[in-house]
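# What the coordinates show
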Amino acid sequence: GFVGEFLELIEPHTESDPAAVLFQFLAAFGSAVGRAPHFIVEHTKHYPNLFVTIINKTSKGRKGTAARWSFSPLEKSDPSWTDRQVSGLNSGEGLIHAVRDAGEGEGADPGVGDKRLFAVESELAAVLRRMGREGNTLSALLRQAWDNGRLQNLTKSTPLRASDAHVAIVAHITSTELRRQLDSTEIANGMANRFLWALARRSKCLPEGGSLRDGDSSLSSLISRLSHTLALAKTRAELDRTPAARKLWADVYPKLSEGGPGL
């Protein structure tokens, strides 16, 4: 499909791991498309807001390079989405404020109209350290954002609410930092289970970099198709799987849904 063609086009021109580009592109597309398309499983709606972490054994895994390849086509296809990219997740209150509902009454806070929020955290280790501080509600509210998009902080002084929040995350970390910072609490409470984890390695060595540039006809053609696909996807509602995808899901679901203790 489209994503496969995109990866085949850029693969000769980047040192990035194709898996890292793929995961981050899917997270970015799911963020940009918003909260219209969804799957229903039992009575729960599942939206395309993904939490993705790219792991490298060292700092030389080209995580950032993969991110730029992943995000750039979508930034060109939907410039308004670019304004919804943030970094520096610090507290639950800050998260709600970024997607907050409008207040009530004259002079009230107008709130945020665009409920998409795409958090790009190049240092996930720092975010995990903040989550571990006493009284920090970031972990709990991120779990709520992934589950249903309804966030609230019922403090007396500054109560905040957000409904239909569409929060997606792309994070980067080294394997050493991950082992050090991901504690048993985040494993047990399900925070880690909400992320897709991809171990990435540098795919090749390109001393001069690649030769694919903005304006290349092949890349421009793909971006044009992406713009059309993104606009069409925003009009969709409930989705279903193709017969081939349904069979594949049925094959892998038993093992994936077994679960297990620890990492």
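Residues numbered from 1 in each chain as written. Predicted model: local features only at pLDDT ≥ 70, side-chain atom pairs only at ≥ 80, totals over all residues. Heavy atoms only, no water.

## Points about the side chain of Ser31
Within the secondary structure, Ser31 sits in helix H2 (residues 18-33). For Ser31, a relative accessible area of 0% corresponds to the buried category. Excluding residues that lie within four positions of it along the chain, Ser31 makes contacts with Pro48, Trp81, Arg116, Leu117, Phe118, His166 and Ala168. (Helix = DSSP H or I, 4+ residues; strand = E, 2+ residues; numbered from the N terminus. Buried < 20%, exposed > 50% of the residue type's maximum accessible area, 1.4 Å probe, protein only. Contact = heavy atoms within 4.5 Å.)

## Things to note about the sheet that holds strand E9 (residues 195-199)
The five strands lie next to each other as E4-E5-E8-E3-E9, forming an open sheet whose pairing is parallel. The open sheet terminates on both sides in strands that have one partner only, identified here as strand E4 (85-86) and E9. The pairing of strand E3 (residues 51-56) with strand E8 (residues 166-174) spans six bridges and is parallel. Residue pairing in the sheet places Val52 in a bridge with Val170 of E8. Along the sheet face, H2 touches E3, strand E5 (116-121), E8 and E9 and points at about 160° away from the line of E8. (Pairing = 2+ DSSP bridges. Axes fitted to C-alpha atoms, helices over the stretch in contact; angles between N-to-C directions.)

## Regarding the packing of aromatic side chains
Under the definition given, this model contains nine aromatic pairs. For the ring pair Phe25 and Phe29, a centre distance of 6.5 Å and an interplane angle of 25° mean the geometry is stacked. Of this pair, Phe25 and Phe29 both sit in helix H2, four residues apart, which is roughly one turn of that helix. Judged by its relative accessible area of 2%, Phe25 is buried. Look at Phe71 and Phe118: their rings are 5.2 Å apart centre to centre, the planes differ by 85°, and that puts the pair in the edge-to-face class. Taken together, the residues span a long stretch of sequence, with Phe71 in helix H3 (residues 63-77) and Phe118 in strand E5 at a distance of 47 residues. When its relative accessible area of 1% is taken as the criterion, Phe71 is described as buried. Since its relative accessible area comes to 0%, Phe118 is described here as buried. By way of ring pairs, the aromatic residues Phe2, Phe6, Phe25 and Phe29 are connected into one cluster. (Phe/Tyr/Trp six-rings, centres within 6.5 Å; stacked < 30°, edge-to-face > 60°.)

Nothing here speaks to function; it is all geometry.
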